[in-house]
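Next come the chains, spelled out residue by residue.
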Amino acid sequence: MAFLSGFGRNMTRRILPMCVLMVALHGCNSVAGLTEGLPPAPMTPGAITTETWAYEYAGGWHTEEGEWIHIPASEGAELLLWIESAEGICR
């Protein structure tokens, strides 16, 4: 079972950028519109996945179950800027 858990995490890291791109480019009408004029999407090698996420709110700790993908701030910022430029091209 440990092999499958590790396998799932690795696949999530590789598939996440594609999912983000599909959501980000939902306004494009054709395949040509998806790639024309776009620079390559930034990579997120520092991304990790976890099965729970805990955060502090209103003086207490709250835990959320599920699969979470965490991206370092610098990589997240690059990805956000890329998504915004891609959305601008697709409009």
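**Q** Can you help me understand helix α3 (residues 73–90) in this one?
**A** Helical geometry: 3.6 residues make up each α-helical turn, so side chains three or four residues apart lie on a common side. The terminal C-alpha atoms of α3, which comprises 18 residues, lie 26 Å apart, in line with the 26 Å expected from a rise of 1.5 Å per residue. Listed as buried for α3 are Glu 75, Leu 79, Trp 82, Ile 83, Ala 86 and Cys 90. When α3 is viewed along its axis, its buried side chains cluster within an angular range of 105° and face the same direction. Those residues of α3 that are exposed and aimed more than 90 degrees away from the buried face are Ala 73, Ser 74 and Leu 81.

**Q** What is the right way to look at unusual backbone geometry in this model?
**A** Apart from glycine, the bulk of residues carry a negative phi angle, and the bulk of peptide bonds sit in the trans form. We note that Ala 58 has phi near 55°; this positive angle belongs to a residue other than glycine. Tracing the backbone through its elements, the reader meets Ala 58 in the loop between β1 (48–57) and β2 (60–70).

**Q** Sorry, what's going on with the pairing of β2 here?
**A** Residues in a regular strand point their side chains to alternate faces of the sheet. Here nine bridges tie β1 to β2, and the two strands are oriented antiparallel to one another. Within β2, the residue paired with Thr 49 across the bridge is Ile 69. Hairpin connection of β1 to β2: two residues between the antiparallel strands, including Ala 58 at a positive phi of 55°.

**Q** Please clarify how the packing of aromatic side chains should be interpreted in this entry.
**A** Two numbers describe a pair of aromatic rings. These are the distance of the centres and the angle of the planes. Summed over all chains, the structure comprises two aromatic pairs. A ring pair is formed by Trp 53 and Trp 68, whose centres lie 5.1 Å apart and whose planes are at 40°; its orientation type is tilted. Of this pair, Trp 53 sits in strand β1 while Trp 68 is found in strand β2, placing the two residues 15 residues apart along the sequence. The class of Trp 53 is partly exposed, set by a relative accessible area of 34%.

**Q** Honestly, the environment of Ile 48 in this entry has me stumped. Any pointers?
**A** One can find Ile 48 in strand β1. Here Ile 48 falls in the partly exposed class, since its relative accessible area comes to 42%. For the pair Ile 48 and Ile 71, spaced 23 residues apart in sequence, the C-alpha to C-alpha distance is 6.8 Å.

Rules behind the numbers
- Once a new chain begins, its residue numbering starts again from 1 and follows that chain's sequence as written.
- Per-residue local features are limited, in this predicted model, to residues with pLDDT of at least 70; the limit for side-chain atom pairs, both in listing and counting, is 80 or more; totals at the level of whole chains, interfaces and linings are taken over all residues.
- Values reported for side chains reflect all heavy atoms of the structure, with hydrogen atoms and water molecules removed beforehand.
- We count a stretch as a helix when DSSP gives it H or I for four or more residues in a row; a strand needs E for two or more, and each element gets its number in order from the N terminus.
- One less than the residue count of a helix, multiplied by 1.5 Å, gives the span that helix is expected to have.
- Here the term buried applies to any residue with accessible area under 20% of the maximum for its type, exposed to any over 50%, and partly exposed to those in between, with areas from a 1.4 Å probe on protein chains only.
- Read the arc as the range of directions from the helix axis to the C-beta atoms.
- Between any two strands, pairing holds if DSSP finds at least two bridges.
- To pair, rings of Phe, Tyr and Trp, with the six-membered ring standing in for Trp, must have centres within 6.5 Å; the planes then decide the type, stacked if under 30 degrees apart, edge-to-face if over 60, and tilted in the middle.

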